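Residue strings, one per chain:
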Amino acid sequence: MPIRLRLVGLATSMLAALAGLSGCGGASTASDANAGAETVSAPRASAPAPVPTLADIGNRLFNEASVSASGKLACAACHVESRGHADAEGSFLPLGGVEGRHQGLRSTPSVRYLDQAGSFGFDAQGRARGGLFWDGRADTRQQQARGPLFNGDEMANVDVAALATRLRALPYAGDLRAAAGLPAAATDDQLVDAAVNALARFQADDVRFHAFTSKFDAVQDGRTTFTDQEQRGLAAFNDPQRGNCASCHDSRPAPGIGRALFTNFSYHALGVPRNRSQATADPAFFDLGLCGPQRNDLAGRNDLCGMFRTPSLRNVALTAPYFHNASFATLEDVVAFYATRDLDPGRWYPTVNGQVQLYDDLPAGLRTNVQRGAPFRRAGQAAAISPQDAADIVAFLRTLTDGFNTPAGAQ
Ligand code: HEC
Ligand code: HEC
């Protein structure tokens, strides 16, 4: 599956390059590239060199390691296409920084299916919604891209001037300025703005970031059917008395796009176990999501501590490790955690002096923020998710991977 995805991507970019993207609006989407492909057979020798669009430049920048301080780290190194644009296979928490050895705090999320995230805010009931990053601290992709570019744990540019110097040294610096309508004497700020705009445009335009080509989509379109187990898994996923997963990971079509996103961009504290890593070596340090320390505007809101944004589950079979702190390696364990967090806590949390350390990635005073209700059950109750439900749900989650094709002739 990952190999096929990579080939699709390659074919798309080759077609786009061949077609020169002229006369088709220039957006680097697969459909435009295919539409342009008909003209490929008779290229005119005198055709002017194609002018790359901002999205084309964004594509190059996304794969450009030389804009990082180590010279080794592109966006694409952490957001790997064959892994659903999330962490590279086998990676734990991402390594970045000037030397490329500093371990970050959080798992790398997929950068697909974010178009509907919207900006961060509170709804009429006072519930947090939307925004980019696990804690919603960026409202737009432009603002978001500045995060990794200047984050000392990631691409580690010390300031705008340092990044502008790296941008000027690119072989396609002239194309970047042309696509952004900038003069040769563009300032540091203008160049950096152009680069983050290009990255945003690429992610907004390129079909790979919102392909909707999973088996789930094919079933929705009536082109194929689920296996019995997948069908049972979807039922358990939706059932408010069992998985209740869809109450946060929405499985109904989102308004306006007619496709399910498997998130409503809401925030919850699930009480996932602490990941003992370099980043959390200090026992007094806690990553509390909405209330900090990566964002500080909600620092006084103790009721929001421990809450992280619900991720989309599209391509989740490709995007291990799981949860904001990468504390789980498999989908089986994630679903078992939902089923037995409070029924068999010794399986998930360490025991010290005979005492299970419940919700050990939250300071003691904030553990009351932890989410209750299905699928979570109180100690002593029966599990909402049976072992059979859990296996079925995992089978269903595996239908959310992009790149599913119905067998030939089954259209
Ligand atoms: C060292 C690994 C690394 C690199 C390099 C990196 N990212 Fe990320 N990316 C992450 C991590 C980790 C997060 C989550 C951080 C957080 O939530 O605080 C993230 C989050 C994001 C998000 C938000 C996803 C969401 O679900 O809200 C987007 C979009 C994104 N990155 C795009 C980019 C772009 C564009 C670049 C290049 C300019 C880039 N990333 C470079 C690791 C990386
Ligand atoms: C109350 C809302 C809510 C419910 C119900 C819920 N989730 Fe989640 N889910 C979240 C949030 C929030 C996160 C991120 C939490 C974190 O990282 O701290 C998450 C994370 C996940 C992840 C990890 C994804 C990743 O990219 O790291 C998976 C897989 C998942 N949920 C599957 C499920 C399944 C399956 C169910 C039903 C059994 C379910 N969830 C029920 C809110 C919910």
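Rules and cut-offs
- Residues numbered from 1 in each chain as written.
- Chains lettered and ligands numbered in written order.
- Predicted model: local features only at pLDDT ≥ 70, side-chain atom pairs only at ≥ 80, totals over all residues.
- Helix = DSSP H or I, 4+ residues; strand = E, 2+ residues; numbered from the N terminus.
- Buried ≥ 20, exposed ≤ 12 C-beta atoms within 10 Å, placed from the backbone.
- Contact = placed C-beta atoms within 7 Å.
- pLDDT = per-residue confidence, 0-100.
- Axes fitted to C-alpha atoms, helices over the stretch in contact; angles between N-to-C directions.
- Parallel < 35°, antiparallel > 145°, perpendicular 65-115°, else oblique.
- Left-handed = near helix turned anticlockwise from the far one by under 90°.
- Nonpolar A, V, L, I, M, F, W, Y, C, P; charged D, E, K, R; others polar.
- Arc of directions from axis to C-beta.
- Near = placed C-beta within 6 Å.
- Core = buried A, V, L, I, M, F, W, Y, C linked by C-beta atoms within 7 Å.
- Domains from an automatic or database assignment.

Trainee: Hey, could you run me through the overall build of the chain in this one?
Mentor: Secondary structure assignment for the chain yields 12 helices and eight strands. Each of the 411 residues in the chain was classed as buried or not, and the buried ones make up 44%. For the chain, the share of sequence-separated contacts (at least 6 apart) that also reach a separation of at least 24 residues comes to 66%.

Trainee: What should I look at first to understand the confidence of the model for the chain in this one?
Mentor: For residues with low pLDDT, the predicted coordinates do not support detailed interpretation. Scored by pLDDT, the chain has a mean of 87; 84% of the residues are at 70 or more. The low-confidence segment residues 1–42 (pLDDT under 50) makes 59 contacts with residues lying over four places distant or belonging to another chain.

Trainee: Got a minute to help me understand the environment of Ala211 in this structure?
Mentor: Topologically, Ala211 is positioned in the loop between α8 (188–205) and α9 (215–220). When the 18 C-beta atoms within 10 Å are taken as the criterion, Ala211 is described as partly exposed. Taking C-alpha positions, Ala211 is 8.7 Å from Arg112, a pair spaced 99 residues apart along the chain.

Trainee: Help me out: how do you make sense of the packing of helix α11 (residues 331–340) against helix α12 (residues 387–397) in this one?
Mentor: Put simply, α11 and α12 touch, their axes get as near as 10 Å, and they point 135° apart. Between α11 and α12, the interaxial angle falls into the category oblique. Relative to α12, the crossing made by α11 is right-handed. From α11, Leu331, Glu332, Val335, Ala336 and Ala339 reach across to α12, where they touch Ala390, Ile393, Val394 and Leu397. Each residue belonging to the contact of α11 with α12 can be placed in one class, and the counts come to eight nonpolar, no polar and one charged.

Trainee: I'm lost on helix α5 (residues 141–150) in this one. Help?
Mentor: Note that an α-helix has 3.6 residues per turn; residues three or four places apart therefore point the same way. The set of residues buried in α5 consists of Arg141, Gln144, Ala145, Pro148 and Leu149. The buried residues of α5 occupy one face: seen down the axis, they fall within an arc of 140°. Structurally, α5 contributes buried residues whose contacts are with α4 (75–78), α6 (160–168) and α8.

Trainee: Explain unusual backbone geometry here, please?
Mentor: When glycine is set aside, most residues are seen to have a negative phi, and most peptide bonds are trans. Across the junction of Gly292 and Pro293, the peptide omega takes the value 5°, indicating a cis bond. Tracing the chain through its elements places Pro293 in the loop between β5 (267–268) and β6 (308–309). Cis geometry is found at the peptide bond from Ala374 to Pro375, where omega equals 10°. As for its position among the elements, Pro375 is in the loop between β8 (355–356) and α12. The phi dihedral of Phe133 falls on the positive side, at around 85°, and the residue is not glycine. Mapped onto the fold, Phe133 is located in the loop between β4 (128–129) and α5. Taking the C-beta count within 10 Å as the criterion, Phe133 has 20 such neighbours and is therefore assigned buried. Positive phi, close to 60°, is recorded for Ala156, a residue that is not glycine. If you trace the backbone, Ala156 turns up in the loop between α5 and α6.

Trainee: I tried to follow the site of ligand 2 on my own but got confused; where do I start?
Mentor: Within the structure, ligand 2 sits among 27 residues, and Gly243, Cys245, Cys248, Phe323 and His324 are positioned closest to it. With four residues, α11 is the largest single contributor of residues to the shell around ligand 2. The residue inventory of the shell around ligand 2, partitioned by class, reads 18 nonpolar, nine polar and no charged.

Trainee: Could you clarify how one ought to interpret the packing of helix α7 (residues 173–180) against α8 in this entry?
Mentor: Two quantities define a packed helix pair, namely the angle between the axes and the distance from one axis to the other. Relative to each other, α7 and α8 sit at 80°, their axes nearing to 10 Å. By the criterion of interaxial angle, the relationship of α7 to α8 is roughly perpendicular. Contacts from Leu176, Ala179 and Ala180 of α7 reach α8 at Ala194, Ala195, Asn197 and Ala198. Its residues assigned to classes, the contact of α7 with α8 comprises six nonpolar, one polar and no charged.

Trainee: Looking at this structure, I do not really get the environment of Cys248. What am I missing?
Mentor: If you trace the backbone, Cys248 turns up in the loop between α10 (228–238) and β5. The class of Cys248 is partly exposed, set by 18 C-beta atoms lying within 10 Å. Setting aside its immediate chain neighbours within four residues, Cys248 contacts Asn264, Ser266, His268 and Thr310.

Trainee: Quick question: what am I supposed to make of the nonpolar core here?
Mentor: What tends to happen in soluble globular proteins is that the nonpolar side chains get buried as a cluster. Core analysis: the biggest nonpolar cluster contains 48 residues, and Val335, Ile393 and Leu397 have the highest contact counts within it. Sorting the residues of this core by element identifies α10, α11 and α12 as the ones contributing at least two each. A per-element tally of this core places α11 first, with seven residues. Taken together, domain 1 (51–121 + 143–210) and domain 2 (215–278 + 307–400) each give at least three residues to this core, which thus spans both. For Val335, the residues in contact, after removing those within four places along its chain, are Ile385, Ala390, Ile393 and Val394. Judged by nonpolar contacts, the second largest core, of 29 residues, contains Met155, Leu176, Ala195 and Phe202.

Trainee: Honestly, the environment of Thr340 in this entry has me stumped. Any pointers?
Mentor: As for its position among the elements, Thr340 is in helix α11. Along the chain, Thr340 and Ala382 lie 42 residues apart, while their C-alpha atoms are 9.4 Å from each other. Dropping the residues within four chain positions of it, Thr340 is found in contact with Arg347 and Ala383.

Trainee: Just checking my understanding: could you explain α10 for this structure?
Mentor: If you check which residues of α10 are buried, you get Glu230, Gly233, Leu234, Ala236 and Phe237. For α10, the buried positions fall inside an angular range of 165° around the axis, keeping them on one side. Taken together, the buried residues of α10 touch α12.

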